[in-house]
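Listed below are the residues making up each chain.
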Amino acid sequence: MDRRENRHRWGWLGLVVGILLCLESGTAYAIFLDPEETLRFNGRVYNRTAMAVQNSSDNTRLQTPYNDWNMLQNRTFIQAELRHDLTDLIAGRATGFLSPVQAFFAPLRALKIDSLDYFVTYRGEYDGVWDYGPDVFSERYPLLTDCGVPTKAKHKRPFSFEGCSRSDPRGRLRHRHRLFEAYVNYTSGPLFLRIGRQNLSWGETDVFRLLDQINPLDASFGGFLVSLDERRVPLDMVRLVYGFGGVGPLSELNLEGFMVIDDKIAAPVPTGSPWSTPNPLGFPGLIKKPSKNFADARGGGRIIGIWGEFMFSLVHYVTYIDTPMLRIVTPTKNPINLGEFTTAVNTGDTSRFLVDHFQAHALYPKIQISGGTLTFSVPRISGIVRSEFAYFYAEPFFHNSAPDQILGPALSGEITPGYQQVGTDPVSGQPILRYRSKVTRSDVIRWSLGLDVTRYIKLLNPHQSFLLSSQIFGRHIMDFNDTSLASVAPQFGFGQFAAPISDPNRNNASFVTIDEHQFIHTLLVSTAYRSGAILPQLVFLYDWQGSWLVQPGVTFVRDPFRLTLQYNYLDGQYNGIGFLRDRDNVIIQLEMVI
Amino acid sequence: MAILLRISAVLLSCLGLWLLPSVGQSQEAVQEQAVANFFPYREGFPKMGDIRPGMTIDSTNASNASSVLPPEILKYIAAGDFSITVQETTDLPLRPAFIEATLKHHTGVVVGEGELQHYVAGRPFPVLNADDPQAGLKAAWNLRYRDQGDNAQMRAKSGIVNSSGGVERTQSFSFMSMYGMHRSDPDKNISEWERQGVYSKQYTMMLAPSDMEGFQILSVTHDKDVIPNAQWAYDPQTRRTRKIVYNPYISPERGVLLIEDRAGFLGYIHDYDWKYLRKQTVLAPGPIRAAEPTWGGKGNWYLIDPWELRRAVVVEATPKTSHPLYSRRVLYIDLQNSMPLYSFVYDHDGNHKRTFLLVARHPDFDPWDNKGWFAQLAAQASIDYQLEMGNTFEITKILFNRALPASRFTVMALMLQGK
């Protein structure tokens, strides 16, 4: 660790300690910065440590293996929010310390403003696992391409040497400072407008998202074990809402629309991160992001209505989903020579040849989603029924094939599926080939049905009620390709829809196939003891493909602190959440709130 | 039964004033008694035994106050948990408009199935007759339809306090309420809410702590008590606005008071059998002349601003079906303004479990330039003697009867106020 990094680390610690000392009060009240209560500040800071409780599996962490009781995360998180109501300033009736400047806001009165405010959020994150965690994380991650004898200089400045590049998860994930959200709200009568960097969430489900696909998620610091709010990536967006009030039998009808001009997507977690998905294909990657223009804009609308006990919404929008469409290609300007390919395979230089000539493109598909929600209460059981339906149009799917399918021409001497001859080498006479792995699209139906119930279970807790929240999720791929691998492998063809992850149960000789129909159950049980000072919670998640998560946890509350202990037990088949079955961990989090 | 009640209601409204003498009271006498109940201190403030303004009641002389303090309070004064300073009774007359509405509309109002029939505005039952088997139920309706203004915007905070006075958790929030029906001036009712049968709506936004900041709840109370309240919530953790279940028997703060314990009693009337116990002069927390009350006694659980002698109606509510925590509730309701003074709840073994003390704000204390005083809750102390835990709730700022659009009480407003 160099001196600069050391200074940085101590700077963080100093900041955290400073905040702790400044806020030693035992209460947690909102802080208004002016007597008129137009400027409001909130903040929270936490430190979370995640420790592995099992060794990483050989097949999933080839390059960054760790052992049980190795640190996976030591994350310090600071969030500061500021909300400022400008309505009185614009109306010329402000009396606070900003009143001298209210004349400058007078022209805005022409907008017939009912209210105008702005909101900004700062988020700072630092993960110490990259500095003082296990060696596999705290040391430089291996170079990916051959640039000769490794030297210190190459490690430090790989890009200044020809052919050198490095996956640098440490540089990307160690710390981050962000103006997380920044937007302005404008209300005039039934019209509401929000412009700026923001999050927008539609739908009714918890844990898994159906219609809630507008903002990408950042899985780089804990994956789905971290709350949705913390993982959302805000987008530059215009959001418009128009309220029609009561219409006919509806007590309320609202129309909402949004448009996003932003290039952010759910960037894959870099290989080397403790939270990355199992080992990727091993090709140099290229992430193709949307551009910040109207052609690549996301947008859509929804109608929300309330009819008696029922709350419903109808939704349609265009977005970039979080799961990238993975395509293995030879770069357009760099097709391969079959003769060289065959020679490389015969001499045992296959890996070198593949890395040098093939690329894995992560393309974020822009797709349309339609759907709706319906929620109603069942007072007799003190329950709420939540339902959601989403239709994904033309979602891309990766095809299964033996991982050596890409070697087809070199092994058989023929042009196998996926390859195309684009020329002939004038010197050797060998075919010049271009490769493009197969991706097809299919419509997908996703649905969810949930029930939330509050109940007293006197035997377990005589003083407080329990919240029981259960959901079932379904996914159905409409034009499912279930071509068996056995029928295509000899011809180096493409088989069933799959996740682009090698299947250890088949000696990594194929990718993990996915099911046409998938069902997942979730159950959350929570209550409180000692008048809310002790908050136990149990989350259970079962994927009917044969994997599960059991997540018991307890939070101790004493303002302004929260201490959370949580155990994440993942196991089952190597599919869905089972891809992370070797990531069992225990979490200790100390949080301070204002 | 419902048919009989409806017939009675029709007869009452047809016969109007002429029916009343047949039950033993002339209309003039009823009107006089109604007015007298609004001005119970017109003939002078109550005097009870040795209780005098300026005296302190503590463990040494608690027995002297046995006639004016319920045993549920007396016990803890005698044990030295807290003491009371006595002040002169405060006359807290309600707005003339509310009194006029009462006198104009109270005749013909009858109790139906989970609702009142022919109720327009004001206090529905300004005169309670101890011999009337429905007197307790009518007192409960008076409590529900007490004068609470047309709307109110409040800033409030609450804390969970242990027996050594340690504040374990605090919350700070803004709260708004609006009444769409039965306003003192019926012309000011909100026609859309009337059409939908919506009596009132409440909006709450959590301001602190920051892990709950931005959480909002919209509650809708229907005029018919038998129609379940509707609730929606905006959760900043999920950024969603969602319908949530309204269950008066749970404690959202996970503390020592249920939703129905708020403001003395905020539950469904039809869930209880109501029994009128008596009319009594009691010592109760007097109105405060400050933004915040004074907390003291054991655990800082008690409201220790001066108490005063007030005339009260005492009713008992027994759950009709199994209640998760309580076997019964005893409510002391201020005769003059129908605001609860305190209430007590008992567990299923009949033991006193919780005490709720309430205090109003004095009309003379109004730094917010409000117009038209009504008995507004300034603070509530909730004490669970079995858990040895208290909850302090106080409204630190209130603006009422201001221009406030009904659109602030919509699901859309939750979405827009969300992050």
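Residues numbered from 1 in each chain as written. Chains lettered and ligands numbered in written order. Predicted model: local features only at pLDDT ≥ 70, side-chain atom pairs only at ≥ 80, totals over all residues. Heavy atoms only, no water.

Trainee: Give a detailed account of the overall build of chain A, specifying residues and quantitative values.
Mentor: Helices and strands together make up the secondary structure of chain A, namely 12 helices and 27 strands. A buried classification covers 52% of the 594 residues belonging to chain A. Within chain A, residue pairs in contact and separated by at least 24 positions form 68% of the contacts whose partners lie at least 6 positions apart. If you sum the accessible surface of chain A, you get close to 26000 Å²; carbon and sulfur atoms cover 60% of it. (Helix = DSSP H or I, 4+ residues; strand = E, 2+ residues; numbered from the N terminus. Buried < 20%, exposed > 50% of the residue type's maximum accessible area, 1.4 Å probe, protein only. Contact = heavy atoms within 4.5 Å. Areas by Shrake-Rupley, 256 points an atom, 1.4 Å probe, with all protein chains shown as cover.)

Trainee: Give a description of the sheet that holds strand 13 (residues 336-337) of chain A that names residues and reports values.
Mentor: All names here are of chain A. Spatially, 13-18-17 is the arrangement adopted by the 3 strands of the open sheet, whose pairing is antiparallel. A single partner strand is all that each edge strand has here, and the edge strands are strand 13 and strand 17 (419-424). Here strand 17 runs beside strand 18 (residues 431-435); their pairing, made up of 5 bridges, is antiparallel. Counterpart to Gln-420 in the pairing with strand 18 is Arg-434. (Pairing = 2+ DSSP bridges.)

Trainee: Run through the interface of chain A and chain B, naming residues and quoting values.
Mentor: Across the boundary between the two partners, chain A contributes 78 residues, which contact 56 residues of chain B. Both faces combined, the contact of chain A with chain B buries some 5300 Å², and carbon together with sulfur accounts for 48% of it. In this structure, A:Glu181 and B:Arg239 form a salt bridge, with 2.7 Å as the shortest nitrogen-oxygen distance. Here the side of chain A that touches chain B gets 6 residues from one element, more than from any other, and that element is strand 7 (residues 235-247) of chain A. When grouped by side-chain class, the residues that make up the side of chain A that touches chain B number 26 nonpolar, 27 polar and 25 charged. (Buried area = accessible area lost by both parts, 1.4 Å probe. Salt bridge = Lys/Arg side-chain N within 4 Å of Asp/Glu carboxyl O. Nonpolar A, V, L, I, M, F, W, Y, C, P; charged D, E, K, R; others polar.)

Trainee: Help me get a handle on the packing of aromatic side chains, residues and values and all.
Mentor: Any pair of aromatic rings gets described here by the distance separating the centres and the angle formed by the planes. Per the counting criterion, the structure on display carries 44 aromatic pairs over all chains. Centroid distance A:Trp130 to A:Phe137: 5.9 Å. Interplanar angle 80 degrees. Geometry classified as edge-to-face. The same class applies to A:Trp130 and to A:Phe137, which are both buried. Among the aromatic residues, those joined into a cluster by ring pairs are B:Phe82, B:Tyr302, B:Trp307, B:Tyr332, B:Tyr342 and B:Phe344. Over the ring of A:Phe392 we find A:Arg446, and its NZ or CZ is 4.3 Å from the ring centre. (Phe/Tyr/Trp six-rings, centres within 6.5 Å; stacked < 30°, edge-to-face > 60°. Lys NZ or Arg CZ within 6 Å of the ring centre and 35° of its normal.)

Trainee: An account of helix 2 (residues 27-38) of chain B is needed here, citing residue identities and associated values.
Mentor: For helix 2 of chain B, which comprises 12 residues, the first-to-last C-alpha distance of 17 Å matches the rise-based estimate of 16 Å (1.5 Å per residue) to within 8%. Those residues of helix 2 of chain B that are buried are in contact with helix 4 (96-105) and strand 11 (272-285) of chain B. (Expected span 1.5 Å × (residues − 1).)

Trainee: Tell me about the sheet that holds strand 12 (residues 325-329) of chain A, residues and numbers included.
Mentor: Residues and elements named next belong to chain A. On the basis of which strands lie adjacent, the open sheet formed by 3 strands has the order 9-14-12 and mixed pairing. Unpaired on one side and paired on the other, strand 9 (285-288) and strand 12 mark the two borders of the sheet. Neighbour to neighbour, the strand axes of the sheet diverge by 25 degrees on average, direction disregarded. (Axes fitted to C-alpha atoms, helices over the stretch in contact; angles between N-to-C directions.)

Trainee: Outline the packing of helix 2 of chain B against helix 4 of chain B, supporting the account with residue identities and numerical values.
Mentor: All names here are of chain B. In contact at an axis separation of 10 Å, helix 2 and helix 4 are set at 155 degrees when each is read in the N-to-C sense. Considering their axes alone, helix 2 and helix 4 lie roughly antiparallel with respect to each other. With respect to the hand of their crossing, helix 2 and helix 4 are arranged in right-handed fashion. Here Gln-31, Ala-34, Val-35 and Phe-38 of helix 2 come into contact with helix 4, specifically with Phe-98, Ile-99, Thr-102 and Leu-103. (Parallel < 35°, antiparallel > 145°, perpendicular 65-115°, else oblique. Left-handed = near helix turned anticlockwise from the far one by under 90°.)

Trainee: Break down the side chain of A:Glu591 for me, citing the residues and quoting the values.
Mentor: All names here are of chain A. Topologically, Glu-591 is positioned in strand 27 (residues 585-593). The exposure class of Glu-591 is buried, given its relative accessible area of 7%. A polar contact of 2.6 Å, which involves the side chain of Glu-591, links it to the side chain of Arg-44. (Polar contact = N/O pair within 3.5 Å; in protein donor to acceptor, adjacent residues only side chain to side chain.)

Trainee: Lay out the confidence of the model for chain A in plain terms, naming residues and giving numbers.
Mentor: Caution applies to low-pLDDT regions: their predicted coordinates should not be interpreted in detail. Mean pLDDT over chain A: 87, with 89% of residues reaching 70 or higher. When the criterion is pLDDT under 50, residues 20-26 of chain A qualifies, and its contacts beyond four places in sequence or with other chains add up to 9 contacts. (pLDDT = per-residue confidence, 0-100.)

Trainee: Go over helix 9 (residues 338-346) of chain A with me, naming the residues and quoting the values.
Mentor: All names here are of chain A. Turning to helix 9, its buried residues number three or more, namely Leu-338, Gly-339, Phe-341, Ala-344 and Val-345. Lining the buried residues of helix 9 we find strand 13, helix 10 (350-357), helix 11 (408-412), strand 17 and strand 18. At the N-terminal boundary of helix 9, the capping side chain belongs to Asn-337, with an oxygen 2.7 Å from the backbone nitrogen of Gly-339. Gly-348 sits one or two residues past helix 9 and shows a positive phi near 80 degrees.

Trainee: Give a detailed account of the pattern of salt bridges, specifying residues and quantitative values.
Mentor: Enumeration according to the criterion identifies 53 salt bridges over all chains in this entry. Taking the shortest distance from any N to any O, the salt bridge between A:Asp322 and A:Arg209 comes out at 2.7 Å. Of this pair, A:Asp322 sits in the loop between strand 11 (310-320) and strand 12 while A:Arg209 sits in the loop between strand 6 (191-198) and helix 8 (228-231), and the two are 113 residues apart along the sequence. On the basis of relative accessible area, A:Asp322 is assigned to the buried category, the value being 17%. Classification of A:Arg209 by relative accessible area gives buried; the value is 10%. The residue B:Asp369 makes a salt bridge to B:Lys371 at a minimum N-O spacing of 3.1 Å. Since its relative accessible area comes to 56%, B:Lys371 is described here as exposed.

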